[in-house]
There are 2 protein chains.
Amino acid sequence: MLAAGKNSKRRATRLRDPEYTRERLLQAAFREVYRSGFQSASLDTILASAGVTKGALYYHFQSKEALGYAVVEEVIAPDVRGTWLRPLQSVKDPIDALIGIVQGISVRPEVVRGGCPLNNLAQEMSPLDAGFRKRLAIVFHAWREAVASVLREGQTQGSVRRDVEPTDAAGLLIAMVEGYGSLAKNAQDPKVMKAGIRNIVDWLRSLRPPGNRKRG
Amino acid sequence: MLAAGKNSKRRATRLRDPEYTRERLLQAAFREVYRSGFQSASLDTILASAGVTKGALYYHFQSKEALGYAVVEEVIAPDVRGTWLRPLQSVKDPIDALIGIVQGISVRPEVVRGGCPLNNLAQEMSPLDAGFRKRLAIVFHAWREAVASVLREGQTQGSVRRDVEPTDAAGLLIAMVEGYGSLAKNAQDPKVMKAGIRNIVDWLRSLRPPGNRKRG
DNA sequence: CTGCCAACATACCAACCAGTATGTATGGTA
DNA sequence: TACCATACATACTGGTTGGTATGTTGGCAG
């Protein structure tokens, strides 16, 4: 039936590899939810994007809701961990590290237009579904705690001002990142995000103790 | 047919007052869109909330999209003008005025849980519908310009630091407000918004020239 | 070779969606 | 009093939704 099955070697087993199918579903669901929101992302569109059928979906997930939860836990959360948590493990200068991450935020047009997947889902689903809300809150909390943690370390080693409240500052940083993300998404303009990144970086520099200021 | 029509005086004309019906539709649409997003707000729900029927809706608006556009222009935009633009007209101290507005942001649970109507719609519809995007961008632009304007005035009269770039600072303020709004909406917790307001106010105070600092 | 179960595919469903076609009451005008 | 446009109300439609019931296939145990 499948023409590709003729000359495929061991890769043919993928045609019946449940983990592979599950992963395809998760990625497709993420794409469509990212594009049009969870509620408006139809199962048929997700299935078409994944290249599987409804039977496969409901074999792996018991509902659309469950699929959405899995997207949060298995796609969005790992993405935040990779972008914010891992780079903050064992750094020498927290401010430098945070500046590096913020400057590494993508300003490609399609990313700016799509916004932050975490924030998108939180905005849409937090008031409507407690299951989404809790899972997203866990991600936000881990994010803030990771930032607050390096700021505390920076304070003990003298690279961060003592009068900074780490948790507050971490929350402010996240609010700035998400806020500028929203503005840039509405403007559909990478320039807005670039300007935002500059302002956030300036603010991050202001967290250094007086006299310890590096370049600028 | 209507029992209430018996003893109603001139108010009975409201039963056939097109402007009144239109306004009810706008308010109901705003409520439902605020509750569940534009795409997920069904016309039947809006109509039930407004207490009118589909015939009335399609007499006043040519489509659901047109109704949504009208909500932006006739409900959301005036709300932002009333909250941010009007209070900033002819103030003596811009920083004080901005602090006053920020501290006036509602922290009632239902408002925190619902988030900012402007940001909600922008997040949902900006990438999907240019008509929404443009109308919302106009509101954001007016908001930022109003803040930037008072900051410029403050600079000429000496109540705002000269090294502050008014447009940048205005954008940062809005990003903070919307960003904290998002975090508080996800947390479903007024405390998050209160903490955000304190941090924003602290940042606003830092815009004052050195030596001109009032209380704190 | 045979059964059997995991891993899907296909066909179908009631509910709901935005939108439309048509009916009707009302107040003003001639 | 007859007429008529305005301002709706009601009934209906084709298409889409998430979900289900049932059919089919591949690979491995025995």
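Computed from a prediction, not measured in an experiment: that's the story for all the values here.

Draft legend 1. View of the protein's contact with DNA strand C. The environment of DNA strand C is made up of 20 residues, and the closest members are Pro18(A), Thr53(A), Tyr59(A), Leu43(B) and Tyr58(B). By atom count, sugar and phosphate contribute 63% of the portion of DNA strand C lying within 4 Å of the protein. At the level of elements, helix H1 (18-36) and helix H3 (54-60) of chain A together with helix H3 (54-60) of chain B are the ones that each hand at least two residues to the surface near DNA strand C. For the surface near DNA strand C, the leading source of residues is H3(A), giving five residues.

Draft legend 2. Structural view of the domain arrangement of chain A. Residues and elements named next belong to chain A. Each domain of chain A was delimited in the assignment, giving domain 1 (1-61) and domain 2 (69-216). Each partner contributes residues to the interface: domain 1 has 11 residues there, and domain 2 has 16 residues. Applying the counting rule to domain 1 against domain 2 returns one salt bridge. Of the charged contacts in the structure, one is a salt bridge between Arg-22 and Glu-74, with a shortest N-O distance of 2.3 Å. For the pair domain 1 and domain 2, the interface holds five residue pairs in polar contact (both at pLDDT 80 or more). Looking at side-chain class alone, the side of domain 1 that touches domain 2 contains seven nonpolar, three polar and one charged residues.

Draft legend 3. Just the packing of aromatic side chains, in detail. Residue and element names in this part refer to chain A. Tallied over the entire structure, the rule returns 10 aromatic pairs over all chains. Between Trp-84 and Trp-143, the aromatic rings sit 5.0 Å apart at their centres with planes inclined by 50°, giving tilted as the arrangement. Residue Trp-84 is found in helix H4 (residues 64-85), and its partner Trp-143 is found in helix H8 (residues 130-157); the two are separated by 59 residues along the sequence. Judged by its relative accessible area of 6%, Trp-84 falls in the buried class.

Draft legend 4. The interface of chain B and chain A, seen in detail. Between chain B and chain A, the residue contacts involve 31 residues of the former and 31 residues of the latter. Considering only the side of chain B, the residues that lose the most area to chain A are Gln123(B), Leu183(B) and Asn186(B), jointly responsible for 24% of the buried surface there. Viewed at the interface, chain A and chain B are joined by zero salt bridges. Our count for the contact surface shared by chain B and chain A stands at 14 residue pairs in polar contact (both at pLDDT 80 or more). Only helix H1 (18-36), helix H7 (117-125), helix H8 (130-157) and helix H9 (166-187) of chain B provide two or more residues apiece to the side of chain B that touches chain A. Per element, the largest residue contribution to the side of chain B that touches chain A is 13 residues, and it comes from H9(B). When the residues that make up the side of chain B that touches chain A are grouped by side-chain class, the tally is 13 nonpolar, 13 polar and five charged.

Draft legend 5. Looking closely at the relation of the copies chain B and chain A. At an RMSD of 0.0 Å, chain B and chain A line up after a rotation of 180° and a shift of 0.0 Å along the axis. Here the copies are linked by what is in effect a two-fold axis. No C-alpha of chain B lies nearer the rotation axis than that of Gly179(B), which sits 1.9 Å from it. In this assembly the copies share their binding face: 100% of the residues contributing to the interface of chain B also contribute to that of chain A.

Draft legend 6. A look at the protein's contact with DNA strand D. Taken together, 21 residues lie around DNA strand D, and Leu43(A), Tyr58(A), Pro18(B), Thr53(B) and Tyr59(B) are the ones closest in. Here DNA strand D approaches the protein such that, of its atoms within 4 Å, sugar and phosphate make up 65%. Take Tyr59(B): an N or O atom from its side chain is 2.3 Å from a phosphate oxygen of DNA strand D. Within the side chain of His60(B), a nitrogen or oxygen atom sits 3.3 Å from a phosphate oxygen of DNA strand D. Secondary-structure elements contributing two or more residues to the surface near DNA strand D are helix H2 (43-50) and H3 of chain A together with H1 and H3 of chain B. Examining the composition of the surface near DNA strand D, we find that five residues originate from one element, H3(B), more than from any other.

Draft legend 7. Representation of the nonpolar core. In this structure, Leu173(A), Leu204(A), Trp84(B), Leu173(B) and Leu204(B) are the most contacted members of the largest nonpolar core, which totals 136 residues. If we skip the residues at most four places from it in the chain, Trp84(B) touches Leu98(B), Ile101(B), Val102(B), Trp143(B), Val147(B), Leu173(B) and Val177(B).

Draft legend 8. Highlighting the side chain of Ser36(B). Topologically, Ser36(B) is positioned in helix H1. Setting aside its immediate chain neighbours within four residues, Ser36(B) contacts Gln39(A), Leu128(A) and Ala41(B).

Draft legend 9. The arrangement of the pattern of salt bridges in detail. Residue and element names in this part refer to chain A. By the definition in use, this model includes 16 salt bridges over all chains. Residue Asp-96 pairs with Arg-208 through a salt bridge whose shortest N-O separation is 2.6 Å. Of the two residues, Asp-96 sits in helix H5 (residues 94-103) while Arg-208 sits in the segment after helix H10 (190-205), which places them 112 residues apart along the sequence. Residue Arg-208 is classed as buried on the basis of its relative accessible area, which comes to 2%. Salt-bridge contacts for Glu-110 lead to Arg-108; the nearest nitrogen and oxygen are separated by 3.6 Å. On the accessibility criterion, Glu-110 (42% relative accessible area) is partly exposed.

The rules behind these values
Per-chain numbering applies: the sequence of each chain, read as written, is numbered from 1 onward. To read the labels, note that chains go from A and ligands from 1, taken in the order they are written. With the structure being a predicted model, the display of local features is reserved for residues of pLDDT at least 70 and the display and counting of side-chain atom pairs for 80 or more, all residues being used for whole-chain, interface and lining totals. In computing side-chain properties, one takes all heavy atoms of the structure into account and sets aside hydrogens as well as water. The criterion for a residue being near a molecule or strand is simple. One of its heavy atoms has to lie within 4 Å of it. Strands are runs of DSSP state E lasting at least 2 residues, helices are runs of H or I lasting at least 4, and numbering of each runs from the N terminus. The domain limits used here are those given by an automatic or database domain assignment. When checking whether two residues touch, look at their non-hydrogen atoms; a contact exists if any pair is within 4.5 Å. We define a salt bridge as a contact between a side-chain nitrogen of Lys or Arg and a carboxyl oxygen of Asp or Glu at a distance within 4 Å. Whenever two N or O atoms come within 3.5 Å, that pair is a polar contact, provided that in protein one can donate a hydrogen and the other can accept it, and provided that, for residues adjacent in sequence, both atoms are side-chain atoms. Under the scheme applied here, ten amino acids are nonpolar (Ala, Val, Leu, Ile, Met, Phe, Trp, Tyr, Cys and Pro), four are charged (Asp, Glu, Lys and Arg), and all others, including Gly, are polar. Any two rings among Phe, Tyr and Trp, with Trp reduced to its six-membered ring, count as a pair given centres within 6.5 Å; such a pair is stacked if its planes are under 30 degrees apart, edge-to-face if over 60, and tilted if neither. Three exposure classes are used, based on accessible area relative to the maximum for each residue type with a 1.4 Å probe and protein chains only: buried under 20%, partly exposed in between, and exposed over 50%. Accessible surface is computed with a 1.4 Å probe, and the buried area is the amount of it that two parts give up when combined, taken over both parts together. A least-squares superposition brings the copies together, and it is based on the C-alpha atoms of residues with pLDDT no lower than 70 in both. Among the buried residues, those of types Ala, Val, Leu, Ile, Met, Phe, Trp, Tyr and Cys that are joined through side-chain atoms within 4.5 Å form a nonpolar core.

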